[in-house]
Amino acid sequence: MFDKILIANRGEIACRVARTARRMGIRTVAVYSDADADALHVAVCDEAFRLGPPPPRESYLDGSAILAIARQCGANAVHPGYGFLSENEEFATACAQAGVVFIGPPPAAIAAMGSKSAAKRIMEAAKVPLVPGYHGDEQDAKLLAREAAKIGYPVLIKATAGGGGKGMKVASAAGDFAAALASAKREAKSSFGDERVLVEKYLTAPRHIEIQVFADTHGNAVYLFERDCSVQRRHQKVLEEAPAPGMKPEHRRAMGDAAVAAARAIGYVGAGTVEFIAADTFARDGAFFFMEMNTRLQVEHPVTEMITGLDLVEWQLRVAAGEPLPMRQDELAIDGHAIEARVYAEDPERGFLPSIGTLAHLRAPAADAAVRVDTGVREGDAISPYYDPMIAKLVVHGEDRPAALRRMVEALAEFEIVGVATNIALLQRIVAHEAFASGRVDTGLIERHRTELFAPLPPLPEAVLAAAAAAETERLIRRRGAEAATASDRHSPWNDVDPWWPGSTAHALAFRFAEGDAMHDVALRREGIVWRIDLPSGPTELRWSEHEGSLAIACGGAEYRATVVALGEMRHVFHGGTQRRLRLVDPLAHAGDVEVHGGHLIAPMSGTVIAVMVEVGDRVAKGAPLVILEAMKMEHTIVAPGDGVVRAVNFRAGDRVGEGADLVDVDEA
Ligand code: MV4
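Source: prediction; values computed, not measured.

### Section: the overall build of the chain
- Secondary structure assignment for the chain yields 19 helices and 39 strands.
- Along the first, second and third principal axes, the C-alpha atoms of the chain reach 95 × 60 × 50 Å.
- Taking all 669 residues of the chain together, the buried fraction comes to 54%.
- Contacts in the chain between residues far apart in sequence, at least 24 positions, make up 61% of those at least 6 positions apart.

### Quick look at the sheet that holds strand β4 (residues 77-79)
- Strand order in the open sheet formed by five strands is β3-β2-β1-β4-β5, with parallel pairing between adjacent strands. Of all strands in the sheet, those bounded by a partner on one side alone are β3 (47-52) and β5 (101-102).

### Regarding the side chain of glutamine 579
- Examined against the element boundaries, glutamine 579 turns out to sit in strand β31 (residues 578-585).
- On the basis of relative accessibility, which here comes to 16%, the residue glutamine 579 falls in the buried class.
- Within the structure, the side chain of glutamine 579 is placed 3.1 Å from the backbone oxygen of isoleucine 417, a separation counted as a polar contact.
- Aside from chain neighbours lying at most four places away, what touches glutamine 579 is Ile417, Val418, His572, Val573 and Phe574.

### With respect to the site of the ligand
- Close to the ligand lie 17 residues, the nearest being Leu156, Lys158, Glu200, Lys201 and Leu203.
- Within the side chain of lysine 158, one N or O atom sits 3.1 Å away from a nitrogen atom of the ligand.
- Note that a nitrogen atom of the ligand is positioned 2.8 Å from one of the side-chain N or O atoms of glutamate 200.
- Protein contact buries 90% of the 520 Å² of open area that the ligand shows by itself.

### Comments concerning helix α1 (residues 11-23)
- Taking 1.5 Å of rise per residue, 13 residues should cover 18 Å, and α1 covers 19 Å from first to last C-alpha, within 8% of that figure.
- Burial of α1 is extensive: 10 of the 13 residues sit out of reach of the surface.
- Among the residues making up α1, those that are buried are Gly11, Glu12, Ile13, Ala14, Cys15, Arg16, Val17, Ala18, Thr20 and Ala21.
- One or two positions beyond α1, positive phi appears at glycine 25, with a value near 75°.

### A closer look at the nonpolar core
- Ile5, Phe214, Phe276, Phe290 and Met293 are the most contacted members of the largest nonpolar core, which totals 63 residues.
- If you tally residues by element for this core, the top one is helix α9 (residues 249-265), at six residues.

### Some words on the confidence of the model for the chain
- In this model, the chain carries a mean pLDDT of 91, and residues with pLDDT of at least 70 account for 93%.
- Scored below 50 in pLDDT, residues 499-506 shows 26 contacts in the model against residues more than four places distant or in partner chains.
- Note on residues 590-597: pLDDT under 50 across the span, and nine contacts to partners over four residues away in sequence or across chains.

Rules used in this analysis
- Residues numbered from 1 in each chain as written.
- Predicted model: local features only at pLDDT ≥ 70, side-chain atom pairs only at ≥ 80, totals over all residues.
- Heavy atoms only, no water.
- Helix = DSSP H or I, 4+ residues; strand = E, 2+ residues; numbered from the N terminus.
- Buried < 20%, exposed > 50% of the residue type's maximum accessible area, 1.4 Å probe, protein only.
- Contact = heavy atoms within 4.5 Å.
- Pairing = 2+ DSSP bridges.
- Polar contact = N/O pair within 3.5 Å; in protein donor to acceptor, adjacent residues only side chain to side chain.
- Near = heavy atom within 4 Å.
- Areas by Shrake-Rupley, 256 points an atom, 1.4 Å probe, with all protein chains shown as cover.
- Expected span 1.5 Å × (residues − 1).
- Core = buried A, V, L, I, M, F, W, Y, C linked by side-chain atoms within 4.5 Å.
- pLDDT = per-residue confidence, 0-100.

Here it is as structure tokens:
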């Protein structure tokens, strides 16, 4: 076995590979770009080397830099993970020439699967079922149209060099063919620099079922059953599971045998995935067709690990070191059901664009034998624009699909992420949807149910509003406690504002929270030792206690827990498995902004001046409190908009002021 491996990747897969290597007593070498100098994958490896600037071309795709590091640090092998150099034939060849083992298939196997039409011809010869179609070299438009007619409409035109749905066009009838062909060719040319296409029978809303295969250098090859990856959005997988819902043992055997035949046909070694599509009749007739083969470990490999109890990275390392496969086909069996959800930093409200930012708050579900969280980030880390915005893979196991689904629902409810937008709410809606629960999954599921899956949030629960108000009051008490403790004059009215204590000037608080355009007002009043809260449905008692960043709340006879995370003016409330994003509306924050240039600080609403903290001629620093105003049961602190000198103080404590009153004038210093 290897002494030391270099992991030529980042993020969760680099961490995942390092975990198995460590368990096997193999030392690990990380490589990183400047964006990843403090990344988790660097921290979990034994050594780390800088590659270059953040763009992949200058870092994780720089094969010669990576090989130079491998030689320098004495790594025996390179694990490429997925993406980046994992399916790069030249890199695999360069590794061999440098005397470093590429933990992946032989370069020729990568090359054989690189061209779709060549791959299909190889599979045809190996008797692997193909979608009826034309995948020859002739590209004459008239000939392709004749082939399309033979196949029967609708047909799908695909780029030979394609992948991920690029350069794919449907022609519904003969009249559409010429336009669809021209469009597919243009897209193929611009995406891949190769305008060749193939034509196939078009299956509407097929299932995506893939088979995990493994082969060694001793002529052994097995399949580790299937994964159903049908639930996807624009060719991006969202949920994956194993086994495939409704898969019959004889259909599984037929697909497994076809996948092993495919692997053998190209002299495959290591972990590979043979992708098939299956028509809507699959559950009955078991008809499936070869799509492509991925010559790497896949993102979704954990669901296979969960149902087989195996470690696929360990198998990869053993095979790469020349050992035979650890098990024979007849020793492999499926145990229960596993589901993976990909948690992405992406914004459903902005067309699922990657959401760039810092993970200001990150709580993942507790991991155990049935719940696994694979991630490459920690709280405080950034989701950068340079790489895939996946935050984590949540993988659950159950004795059957309903049990796994229940675990997935529970675990998703435990995720708390603040700082970037995520797809968690969408994942929750999919797994809660009858279409997914029934197991009738296909690649059209999300589109077909988009109305329900993307429906607006239900009305804001009062429990969320009460939690936000409790958290805000708690923050106020703490902040004022801290300010009073450091103040020079402990007896000034400014420091006598702890709402807990009798005699305090602040007996009442009011908050306005905005969720989108909807405003929610909530007022609190201290009566003796309890707080009363005015909720939209009426007044009630509110009690809370805080531990480990979470609130235990008793409100109007209900007891519940909530976590409230403040980030800027946003208050993120996690309650009942749902995240609500509230903006704390502070009328003064904005009134102040307006007045920065004029130097006049105006009352945002009518009220009473509680305290005046400055005199004419005082030098004030930006943010210094000038006046406290009580209005609508809420205290507002008027602060200096910048460094300056107080020119005029127009009111005294106790004065009533009208909206728009000029409270204090400050000259900019
Ligand atoms: C198809 C198809 C229907 N009929 N081929 C999409 C990407 C590429 N890997 C193959 N793809 C498809 N090929 C025929 N003849 C539908 C798709 C397809 C799809 C396949 C697998 C997973 C998700 C998909 C989403 C849309 C379309």
